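# Chains, contacts and geometry: an overview
So you can see what is in the structure, the chains are spelled out below.
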Amino acid sequence: MNPDASLIFPQAFRWGTATSSYQVEGNLTNNDWWLAAQEGGYIYHDQSAGLACDWWNRAEEDFDRMADLGLNAHRLSIEWSRVEPKPGVWDEAAIARYREMIQGLVDRGIEPMITLHHFTNPLWMVERGGWENPEAVDWFASYAHKIVSALGDLTPMWCTINEPMVMIGQTYALGRWRPGKRDLNAAIRAGVNIARAHGAAYHIIHDQVEKAFVGFAKHMIIWEPHRLWMPNDWVAAWLVRLLFNRLFLSSVIDGVLRVPGRRAIRIPEVRNTVDWLGVNYYQRYRIRTKLFGGRAMFMELGTRPGILKGPGDWGEIHPPGLSLTLRHLWNKYRLPLIITENGIPDQADEHRPGFIVTHLHELWRTMQEEIPVYGYYFWSLVDNFEWTEGYDPAFSFGLFEVDFETQERQMRPSGELYKAICEAGGLTPAIVAEHTPALLPAVFGSVRA
Ligand code: FCB
């Protein structure tokens, strides 16, 4: 091992964290996730986000924590249901508060990345058919226009829609998110409208923001066959890879949505509407086919003993999957990449330090291959509301632990580690030796100065 070797990232690299409006802001009751909690059956203990991390009143306290960590970037989202409580009615005070928050980041030397849509939809929008209604494209465009004209001077970094394929799959195909449909036609209709909404927002941002840099966040999963000797498992893994990882992504690059077994749908107006690709990377799943599972359940997720996996349905922790994904995306699309999310549910912070070091090691190695990655946004700064897992403590993602009774924050050891990394601009032997000594040989053993 060479003790002088350090894995230092480029000077301009963005070291960030990521959050979303409903998960942290508090007191949001005008969207479909709040409604899902009232209806029951979708969320852990039917919880709504409630006060969440109370960002509407105290975001700046957490911005100070970001500054103390040495971050130079943060990704956050605007809550559509808050700024447009009724169709065409704008809450100017709410927009002013967002302006104040985003200016607060800028003042601390933290570049904001603004996500326009992160899973939640206004109630008025879902009452009118949600994303299945083709008019949703215009509704979203009008919202995007309003927000970009109000905030566009504060940052060039815009993310249109978070994880469209997760939203489409969970809401319309797997039936896990409200209104819980299992209808491929509905999923395709929604998918086309979401792609169009993304495309419209892309052009709106470029029209209004000089030097705009626009992308969206794509959840990428490593899908592998569970039984390597079983051809059906290989076919299933290939199919899910195609549907989940590739379908939507290709549609906004080629302007054609190609659902297997269906006629291709041309959406030429969305062609080439990505300046950078956002990668949300968390896990690997193994697919196992079942012969007698019924139509919707012909496959299930398998796991292997001895491999670290997350709680519940969370998959395997697989750091090389990050470099595989980045390499694949770069080779296929030749677009700059940004890690818009990466993190682990781990309340005890037992695995998070190792998770951070191993994933950054993979990322650094990938960047040595001249693959352009412009930033890393860790999910998340603080524990927050985790969608269908609600406030299940097993799904705590924060560098800071949050006591939701008192709103107190406690920095986890992984917070100390991330601070050291951000301050150094990468991984040094001293940092790894201090925070994750067992990983020293794996990270530095093979590096030559
Ligand atoms: C992603 C979501 C994000 C967060 C993490 C854990 O899929 O985009 O809001 O819930 O998972």
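Before reading on, note that the structure itself is shown above.
All values reported here derive from a predicted model rather than from experimental measurement. (Residues numbered from 1 in each chain as written. Predicted model: local features only at pLDDT ≥ 70, side-chain atom pairs only at ≥ 80, totals over all residues. Heavy atoms only, no water.)

A few words now on the overall build of the chain. Counting its regular elements, the chain contains 15 helices and 15 strands. Scaling as 2.2 N^0.38, a compact globule of 449 residues should have a C-alpha radius of gyration of about 22 Å, and the chain matches this with 21 Å. Principal-axis analysis of the C-alpha atoms places the extent of the chain at approximately 60 × 55 × 40 Å. Residues classed as buried in the chain amount to 60% of the 449 residues present. By sequence separation, contacts in the chain at least 24 residues apart represent 74% of the contacts at least 6 residues apart. Between the averaged position of the 43 positive side-chain charges in the chain and that of its 53 negative side-chain charges there is a distance of 10 Å. (Helix = DSSP H or I, 4+ residues; strand = E, 2+ residues; numbered from the N terminus. Rg over C-alpha atoms; globule rule 2.2 N^0.38 Å. Buried < 20%, exposed > 50% of the residue type's maximum accessible area, 1.4 Å probe, protein only. Contact = heavy atoms within 4.5 Å. Lys, Arg positive; Asp, Glu negative; His and termini not counted. Charge placed at Lys NZ, Arg CZ, Asp CG, Glu CD.)

Applying the stated rule across the entire model yields 31 salt bridges. Between Asp62 and Arg409 there is a salt bridge, with the nearest N and O atoms lying 2.8 Å from each other. Here Arg409 lies in strand β14 (residues 408-411) and Asp62 lies in helix α3 (residues 55-69), a separation of 347 residues in the sequence. Each member of the pair, Asp62 together with Arg409, is buried. Between Asp233 and Arg227 there is a salt bridge, and its shortest N-O distance comes to 2.7 Å. Within this structure, Glu224, Arg284, Arg286 and Glu316 form a network of salt bridges that share partners. (Salt bridge = Lys/Arg side-chain N within 4 Å of Asp/Glu carboxyl O.)

Looking now at helix α9 (residues 184-208). Its 25 residues place the ends of α9 36 Å apart at the C-alpha level, agreeing with the 36 Å of an ideal helix rising 1.5 Å per residue. For α9, the capping residue at the N-terminal end is Asp183, with a side-chain oxygen 2.9 Å from the backbone nitrogen of Asn185. (Expected span 1.5 Å × (residues − 1). Polar contact = N/O pair within 3.5 Å; in protein donor to acceptor, adjacent residues only side chain to side chain.)

In this section: the site of the ligand. Surveying the vicinity of the ligand reveals the residues Gln23, His118, Phe119, Asn162, Glu163, His219, Tyr282, Glu341, Trp379, Glu386, Trp387 and Phe397. Take Glu341: an N or O atom from its side chain is 3.0 Å from an oxygen atom of the ligand. In this structure, an oxygen atom belonging to the ligand sits 3.0 Å away from a side-chain N or O atom of Trp387. Protein coverage of the free-state accessible area of the ligand, which is 300 Å², stands at 96%. (Near = heavy atom within 4 Å. Areas by Shrake-Rupley, 256 points an atom, 1.4 Å probe, with all protein chains shown as cover.)

On to the environment of Ala236. Of note, Ala236 is situated in helix α10 (residues 231-254). Remark: the alpha-carbon pair of Ala236 and Met299, spanning 63 residues in sequence, is separated by 7.6 Å. With residues up to four places along the chain from it excluded, the contact list for Ala236 reads Ile287, Thr289 and Met299.

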